[in-house]
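As a plain string of letters, each chain reads:
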Amino acid sequence: MTAPETLQFENETLILIDQTLLPQELTYFHCQSVAQTFDAIKRLVVRGAPAIGIAAAYGVCLTAPSSDQGHQAAYQPGASQADYLAAIDYLATSRPTAVNLFWALDRMREIVETTALPQLRETLLSEARAIHEHDRTMCHAIGRHGAGLLQESRSILTHCNAGGLATSTWGTALAPIYCLQEQGRKPKVFADETRPLLQGGRLTAWELSQAGVDVTVITDSMAGSLMRLGKIDAVIVGADRISASGDVANKIGTYPVAVLAKHHGLPFYVAAPTNTFDLKLMSGDDIPIEQRDRDEVAAPYGIKIVPDQASVLNPAFDVTPASYVDAIITEQGIIAEPNAEKIAEHFASASAN
Ligand SMILES: CSC[C@@H](O)[C@@H](O)C(=O)COP(=O)(O)O
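Residues numbered from 1 in each chain as written. Predicted model: local features only at pLDDT ≥ 70, side-chain atom pairs only at ≥ 80, totals over all residues.

Asker: Whenever I open this one, the site of the ligand confuses me. Can you help?
Answerer: Close to the ligand lie 19 residues, the nearest being Arg47, Ala162, Ala166, Gly238 and Lys251. Put simply, the parts of the chain that give the shell around the ligand at least two residues each are helix 2 (49-60) and strand 9 (248-251). Of the residues that constitute the shell around the ligand, the class distribution is nine nonpolar, seven polar and three charged. Split by domain, the shell around the ligand shows at least three residues from each of two domains, domain 1 (7-137) and domain 2 (145-352). (Near = placed C-beta within 6 Å. Helix = DSSP H or I, 4+ residues; strand = E, 2+ residues; numbered from the N terminus. Nonpolar A, V, L, I, M, F, W, Y, C, P; charged D, E, K, R; others polar. Domains from an automatic or database assignment.)

The structure is reproduced here in structure tokens:
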């Protein structure tokens, strides 16, 4: 079965699977303006670090002439260089943590700054398509490298959704699982439901079951007990930003899973493309963490479960120090026991090839 496309761009429209509605319904959200693209990223219609970057790149291509309508106007030809730059700056404020967003927008900015206006729109669209295509290649390469690492693991725990819904195709953390499935190895996946927005229970469970992968959803608090009972062989997660020293920002709840894995002597792997690294940041403590609305925790699906008088914390991500990570799997290969030196070497050998 072919999986539905997470993102498509046709007829001057960015078409996204509306991930806020899964698994109840598979519906598509159409963006015809920069503002609609911003809204789709902010509300998590499209989410996951690589998918956010691809969506933003296409969003730049929807720039209409003169942004004095607050980026609301649907695409029409005739935008100026200043209009495109304003759209890029605006889209960069949609979400703060996933560095792939800024990586993609920087690529678009460079095109704006170096291309003559008559060719600009066409060149921007080719760049967005190249970013999208690069992501497909990346997912498959991570799948192959990661499947090698997971050969001996039958039961694999993952957190959040780092699959096809978070990228263009196989995902990052789920790519090795799809690869193992293709090899006929029948991996068994435990998906943390991932409070508060249930990306594991709703999205990972949906896409894996669509693909015929054996998936069991657990509440986040069950992971430790399953590990103690010997039911988990390895953990694999994605990342939103990785510092130059190998500290990993990922969905809130990743850090406790890493601590539990270490305690139980289980390998903890992070799968992420090289564009998820932020080599300007030496420590994960410098990664900006998105704080989201209290109602995501206090009133999920409109049902109040926390009294108004109580304060609520809702950071969307946490940071797992590199010392808890057994390996980072990128499209270039594997960084075992990552640290600043090994990461610098990985990037040096990638640019030499
Ligand atoms: C390949 S996606 C990796 C990460 O982006 C993913 O694990 C994650 O944390 C997504 O968070 P989200 O808030 O759903 O965008």
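Asker: Which parts of the structure should I look at to understand the UniProt feature "binding site: substrate" (unreviewed entry) in the protein chain?
Answerer: Look at the UniProt record and you will see "binding site: substrate" (unreviewed entry) annotated at Arg47, Gly48, Ala49, Arg95, Gln199, Asn250 and Lys251. One can find Gly48 in the loop between helix 1 (34-42) and helix 2. Judged by local crowding, Gly48 falls into the buried class, with 29 C-beta atoms found within 10 Å. Sequence-distant contacts of Gly48, defined by excluding residues within four places in its chain, comprise Asn161, Ala162, Leu165, Ala166 and Thr167. Positionally, Lys251 belongs in strand 9. Residue Lys251 is classed as buried on the basis of its C-beta count, with 27 C-beta atoms lying within 10 Å. Once you skip the residues sitting within four places of it in the chain, Lys251 turns out to touch His159, Cys160, Thr194, Gln199 and Phe317. (UniProt positions renumbered as here; feature names shortened; annotations may be inferred. Buried ≥ 20, exposed ≤ 12 C-beta atoms within 10 Å, placed from the backbone. Contact = placed C-beta atoms within 7 Å.)

Asker: What am I meant to see in the nonpolar core here?
Answerer: Across soluble globular proteins, you tend to see nonpolar side chains buried next to one another. Judged by nonpolar contacts, the single largest core of 105 residues is most densely connected at Ala55, Ala56, Val60, Val235 and Ala271. When residues of this core are sorted by domain, at least three fall in each of domain 1 (7-137) and domain 2 (145-352). Among residues more than four places away in sequence, those in contact with Ala271 are Ile142, Gly146, Ala162, Thr172, Ala173, Ala175, Pro176, Ile236, Gly238 and Ile329. (Core = buried A, V, L, I, M, F, W, Y, C linked by C-beta atoms within 7 Å.)

Asker: When you look at the environment of Phe347 in this model, what are you seeing that I'm missing?
Answerer: As for its position among the elements, Phe347 is in helix 11 (residues 340-352). Measuring from C-alpha to C-alpha, the distance between Phe347 and Glu110 comes to 21 Å, with 237 residues separating the pair along the chain. Residues contacting Phe347, with those up to four places away along its chain left out, are Thr274 and Leu279.

Asker: Any chance you could explain the sheet that holds strand 9 here in plain terms?
Answerer: The strands making up a sheet associate through hydrogen bonds between their backbones, and the pairing can be parallel or antiparallel. Here we have four strands laid out as an open sheet, ordered 11-8-9-12, and mixed in their pairing. The sheet is open, and its two edges are formed by strand 11 (277-278) and strand 12 (317-320), each paired on a single side. For strand 8 (residues 241-243) and strand 11, the ladder comprises two bridges, and the chain directions are parallel. Note on strand 11: the bridge partner recorded for Ser243 is Asp278. Helix 9 (residues 254-263) contacts strand 9 and strand 12 of the sheet and is inclined by roughly 30° relative to strand 12. (Pairing = 2+ DSSP bridges. Axes fitted to C-alpha atoms, helices over the stretch in contact; angles between N-to-C directions.)

Asker: Sorry, what's going on with the packing of helix 2 against helix 5 (residues 117-149) here?
Answerer: For any two helices packed against each other, one specifies the inter-axial angle together with the distance between the axes. Close contact between helix 2 and helix 5 brings their axes to 8 Å; oriented N to C, the two are set at 165°. Considered as vectors, helix 2 and helix 5 are oriented roughly antiparallel to each other. In terms of crossing hand, the pair formed by helix 2 and helix 5 is left-handed. Mapping the contact onto sequence places Pro50, Gly53, Ile54, Ala57, Tyr58 and Val60 in helix 2 and Leu124, Glu127, Ala128, Ile131, His132 and Asp135 in helix 5. Residue composition of the contact of helix 2 with helix 5, by class: eight nonpolar, two polar and two charged. (Parallel < 35°, antiparallel > 145°, perpendicular 65-115°, else oblique. Left-handed = near helix turned anticlockwise from the far one by under 90°.)

Asker: What is the right way to look at unusual backbone geometry in this model?
Answerer: Across residues other than glycine, the phi torsion is negative in most instances, and most of the peptide bonds are trans. A cis amide bond links Leu22 with the next residue in sequence, Pro23, at an omega value of 5°. The residue after Arg195, namely Pro196, is reached through a cis peptide bond having omega 5°. Look at Leu44: it is not a glycine, yet its phi comes out positive at around 70°. Looking at where Leu44 falls in the secondary structure, it is placed in the loop between helix 1 and helix 2. Accessibility expressed as a C-beta count within 10 Å gives 18 for Leu44, which makes it partly exposed. You will see that His71, though not glycine, has its phi angle at about 65°, which is positive. Checked against the element boundaries, His71 lands in the loop between helix 2 and helix 3 (81-91).

Asker: Please explain the UniProt feature "active site" (unreviewed entry) in the protein chain as it appears in this structure.
Answerer: As annotated by UniProt and renumbered to match this structure, "active site" (unreviewed entry) occupies Asp240. Within the secondary structure layout, Asp240 lies in the loop between strand 7 (234-237) and strand 8. Judged by C-beta crowding, with 32 C-beta atoms within 10 Å, Asp240 ranks as buried.

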